Amino acid sequence: MSNYPWLTIIVPLPIPAGSSIPLFPYRGNKIVRWYTSGICLSEFLLITYIFCYHFNFNNPFIQLKEDYNWINPIDFHWRLGIDGLSIGLISSTGFVTTLATSAAWPVTRSPRLFHFSMLAMYGGQVGSSAPQDTSLSFFMWEPELIPVHLPLSMWGGKRRLYAATKFILYTAGGSIFLPIGALTMSLYGSDEPTLDSQNLANKSYPIVLEIVLYLSFPVAYAVKLPIFPLHTWLPDTHGEAHYSTCMLPAGILLKMGGYGPIRINMELLPHAHSIFSPWLVIVGAIQIVYAAPIPLSQRNLKRRIAYSSVSHMGFVPIGIGFVTDIGLNGAIPQMIPHGLIGAALFSLAGTSYDRIRTLFIDRMGGIAVSMPKTFTMFSSFPVASLALPGMSGFISELMVSLGMVGSRNYSFTSKIIITVIEAIGIILTPIYSLPMLRQMFYGYKVSNAPISHIMDSGPREILILIRFLLPIVGIGFYPDLVLPLWNSKVDFILSWDLRKR
């Protein structure tokens, strides 16, 4: 059964499954919702089965390889494979998307198109972590932007068209640099271009060319992560999109911006990475300091959550830039569990909006009495976001900081400065999170709308949030639930960097 094409099944499966949605009855909203949730859950269970029974976590090399000739004249192959780095992203994609489709049940306008977009996003985002061919990587990376753009432009706030246009311009514009760098790598040093990622990993480049290649990729990844100053699409997207759509960029799309620098820049271009790694640390530090105070001025609940996410994602380039075992092992959990926290917060924001029909924090005062369940859940996830011990955020940010201590590439003064900057980001998080909760649930309400008859969260919404909370708390108390997924791969990347230098 090891030769079975598992990845070829799980990567495209959601797209043809979604293509059958238009065949459902026009008024079959309930059927569409159950069908989409069933496809997402089946895909996630299949992913879990494959990883549990057909993947060796102690093997740092690419596993479950598949290679099918696709377009002969240009050596375009359907090459798929996964390792410890991609397995976490694929698993979290399945988990978050399954819960996001459950959160999308209140959507009643054109539900068939909306749920098809959700399944198309699912297939594209799973596919972005599995290709072992640079052309196929771009083929997977780029089309997934369309099903994100579509629900953003059709289901959202008053400025949704502006936000959708900004999203597509930023993300598609940044992605232009991917094929340029990939083609340059494939053409160098060989009579016939090779697009196989494994062959590219064994190539060596002149240091000048390696620097040029290294700089061609981070623009695309910086938009996705997002890195200051290419981050401005994120607050607009999250501020205007339907909350179930927000859950996918927060839980999945941003993580691709951290996956790329590890997979391409660090693994394939180690000489240039050793040169530019201090700059990654500087960029991450700037992002933490810049974005951490901004949520204090945001009246819109979803924009406040979005800027909080931008600030905390600054720990990812810092962890990658330290080039240490602990630091890199901290950067990866910062991407994945933080995605769970962000998705859960947007789900809560949408749950509140469905009841009180406003996203402005100063108009939500005094809803704790009528929404006690929502208040209880809303109190849990900001605590996870501020990296309280016992939550997943604490482990990842602690490991990034410990990775800095163990790095020999930075002076004592530099380590002190970075530590102070990280502390500023951590300290500011409760300063804007806790007053937000106080105002929403116990503060003075500016609007005159009655709150006594507001319904609390229902069983479906509570179940979604509990399923988010369990892995966040589980990883916080027992990090070895996830760290063994990529431990061997991290060791291999660091040793591979030393061998290639």
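Counting restarts for each chain, with residues numbered from 1 along the sequence as it is written. Whole-chain, interface and lining totals are the exception, using all residues; otherwise, since this is a predicted model, local features are given only for residues with pLDDT of at least 70 and side-chain atom pairs are given and counted only at 80 or more. Neither water nor hydrogens contribute to the side-chain values; these are computed over all heavy atoms in the structure.

Draft legend 1. Region of interest: the overall build of the protein chain. Helix numbering and strand numbering both begin at the N terminus, where a helix is a DSSP run of H or I of at least 4 residues and a strand a DSSP run of E of at least 2. Secondary structure summary: the protein chain contains 23 helices and two strands in total. The globule rule used here is 2.2 Å times the number of residues to the 0.38 power, and the radius of gyration it is set against is calculated over C-alpha atoms. Its C-alpha atoms give the protein chain a radius of gyration of 22 Å, near enough to 23 Å, the size a compact globule of 501 residues would have. Each of the three principal axes of the protein chain carries a C-alpha extent, and together these read 75 × 60 × 40 Å. Burial statistics for the protein chain: of 501 residues in total, 61% are counted as buried. Contact definition: two residues touch when any of their heavy atoms are within 4.5 Å. A fraction of 81% describes how many contacts in the protein chain between residues 6 or more apart in sequence connect residues 24 or more apart. Every accessible area reported is derived by Shrake-Rupley at a probe size of 1.4 Å, with residue values counting cover from the shown protein chains alone. In the structure as shown, the protein chain presents an accessible area of about 19700 Å², 69% of it carried by carbon and sulfur atoms. For the protein chain, the separation between the mean place of its 33 positive charges and that of its 25 negative charges on side chains is 14 Å. The rule is simple: take the accessible area with a 1.4 Å probe, protein chains only, and divide by the maximum for that residue type; under 20% is buried, over 50% is exposed, in between is partly exposed. Under the counting rule used here, the positive set is Lys and Arg, the negative set is Asp and Glu, and His together with the chain ends is not counted. Lysine's charge is taken at NZ, arginine's at CZ, aspartate's at CG and glutamate's at CD.

Draft legend 2. Spatial organisation of the packing of helix α8 (residues 160–175) against helix α9 (residues 177–187). At a minimum axis distance of 4 Å, the contact between α8 and α9 shows a crossing angle of 10°. With respect to α9, the axis of α8 lies roughly parallel. Of the residues in α9, those touching α8 at Gly173, Gly174 and Ser175 are Phe177, Leu178 and Pro179. Gly falls in the polar group here, along with every residue not listed as nonpolar (Ala, Val, Leu, Ile, Met, Phe, Trp, Tyr, Cys, Pro) or charged (Asp, Glu, Lys, Arg). By residue class, the composition of the contact of α8 with α9 is three nonpolar, three polar and no charged. Note on geometry: axes are lines fitted to C-alpha atoms, helical ones only across the stretch in contact, with angles between N-to-C directions running from 0 to 180 degrees. Small angles under 35 degrees read as roughly parallel and large ones over 145 as roughly antiparallel, with 65 to 115 read as roughly perpendicular and the rest as oblique.

Draft legend 3. View of a nonpolar patch on the surface. Patches in this entry comprise residues that are over 30% relatively accessible and not in a salt bridge; like charges within 9 Å are linked, as are nonpolar side chains (Val, Leu, Ile, Met, Phe, Trp, Tyr) within 5 Å. When a carboxyl oxygen of Asp or Glu lies within 4 Å of a side-chain nitrogen of Lys or Arg, that pair is called a salt bridge. A contiguous nonpolar surface patch, about 470 Å² in accessible area, is contributed by Phe228, Trp279, Ile282, Ile286 and Tyr290. Mapped onto the secondary structure, tryptophan 279 falls in helix α15 (residues 270–291).

Draft legend 4. Spotlight on the side chain of serine 488. Positionally, serine 488 belongs in helix α23 (residues 483–500). Nitrogen and oxygen atoms within 3.5 Å of one another constitute a polar contact, given that in protein one can donate a hydrogen and the other can accept it, and given that sequence-neighbouring residues count only through two side-chain atoms. Here phenylalanine 57 takes part through its backbone oxygen, which lies 3.0 Å from a polar atom of the side chain of serine 488. Contacts of serine 488, omitting those with residues within four sequence positions, involve Phe57, Asn58, Asn59 and Pro60.

Draft legend 5. Structural context of the nonpolar core. Buried Ala, Val, Leu, Ile, Met, Phe, Trp, Tyr and Cys residues that are joined via side-chain atoms within 4.5 Å together make up what is termed a nonpolar core. Counting residues in each nonpolar core, the largest one holds 137 residues, and the members touching the most others are Leu301, Phe378, Phe381 and Phe468. When neighbours within four sequence positions are excluded, leucine 301 is seen to be in contact with Ala349, Leu359, Ile361, Met364, Phe378, Met436 and Met440. Ile318, Tyr410, Ile418 and Ile421 belong to the second largest nonpolar core, which has 11 residues in total.

Draft legend 6. Here's a closer look at the packing of aromatic side chains. Within 6.5 Å between ring centres, the rings of Phe, Tyr and Trp (the latter by its six-membered ring) count as paired, and their orientation is classed by plane angle as stacked under 30 degrees, edge-to-face over 60, tilted in between. Under the definition given, this model contains 16 aromatic pairs. Both rings, one in tryptophan 6 and one in tyrosine 49, keep their centres 5.7 Å apart while their planes meet at 70°; by these two values the pair is edge-to-face. With tryptophan 6 in helix α1 (residues 6–10) and tyrosine 49 in helix α3 (residues 29–53), the pair connects residues that are 43 residues apart, well separated along the chain. Among the aromatic residues, those joined into a cluster by ring pairs are Tyr4, Trp6, Tyr49 and Tyr53.

Draft legend 7. Fine view of the environment of leucine 280. Looking at where leucine 280 falls in the secondary structure, it is placed in helix α15. If we ignore the near neighbours within four places in the chain, the residues touching leucine 280 are Tyr214, His273, Pro317, Ile318, Ile320 and Gly321.

Draft legend 8. How the structure looks around the environment of leucine 169. Among the structural elements, leucine 169 can be located in helix α8. We classify leucine 169 as exposed; its relative accessible area is 58%. Counting along the chain gives 64 residues from leucine 169 to tryptophan 233, while the straight-line C-alpha distance between them is 9.0 Å.

Draft legend 9. Structural detail: the pattern of salt bridges. The tally for this structure, following the rule as stated, stands at 11 salt bridges. Measuring nitrogen to oxygen at the nearest pair gives 3.3 Å for the salt bridge that ties glutamate 267 to arginine 263. With glutamate 267 and arginine 263 both in helix α14 (residues 243–268) and four residues apart, this pair spans about one turn of that helix. Just as glutamate 267 is buried, arginine 263 falls in that class too. Notably, a salt bridge pairs arginine 460 with glutamate 461, separated by 3.8 Å at the nearest N-O pair. One salt-bridge network, held together by shared partners, links Asp83, Arg263, Glu267 and Lys489.

Draft legend 10. Up close: unusual backbone geometry. A positive phi angle, near 45°, is found at serine 110, a position not held by glycine. Assessed through its relative accessible area of 35%, serine 110 is described here as partly exposed. Despite not being glycine, arginine 357 shows a phi value in the positive range, around 60°. Along the chain, the position of arginine 357 falls in the loop between α18 (325–356) and α19 (372–385).

Draft legend 11. Geometry of the packing of helix α16 (residues 301–312) against helix α21 (residues 412–442). Direction vectors running N to C along α16 and α21 enclose 160°, while the axes themselves pass 11 Å from each other. In terms of orientation, α16 and α21 fall into the roughly antiparallel class. Considering the relative orientation of α16 and α21, their crossing is left-handed. Across the interface between the two elements, Leu301, Arg304, Ser308 and His312 of α16 pack against Thr429, Tyr432, Met436 and Met440 of α21. For the contact of α16 with α21, a count of residues per class yields four nonpolar, three polar and one charged. Should the near helix be turned counterclockwise from the far one by less than a right angle, the crossing is left-handed, whereas a clockwise turn marks it as right-handed.

Draft legend 12. Representation of α8 in the model. What a helix is expected to span follows from its residue count: subtract one and scale by 1.5 Å. The end-to-end C-alpha distance of α8, which contains 16 residues, comes to 22 Å, matching closely the 22 Å that a straight helix rising 1.5 Å per residue would cover. Among all positions in α8, only Ala163, Ala164, Lys166, Phe167, Thr171, Gly174 and Ser175 are buried. In an axial view of α8, the angular spread of the buried residues amounts to 165°, which keeps them on one side of the axis. Of the residues in α8, the exposed ones pointing more than 90 degrees away from the buried face are Leu161 and Leu169. Those residues of α8 that are buried lie in contact with α6 (134–141), α7 (145–154), α9, α12 (218–224), α13 (233–240) and α14. Directions pointing from the helix axis toward each C-beta atom define the arc.

Draft legend 13. Quick peek at the pairing of strand β2 (residues 76–82). By the criterion of burial, β2 is predominantly enclosed, with seven of the seven residues buried. Burial of the side chains of β2 extends over both faces: Phe76, Trp78, Leu80 and Ile82 are buried on one face and His77, Arg79 and Gly81 on the other. Here strand β1 (residues 63–71) pairs with β2 via six bridges, running antiparallel. Note that in β2 the partner of tyrosine 68 across the bridge is tryptophan 78. Two strands make a pair as long as DSSP finds a minimum of two bridges between them.

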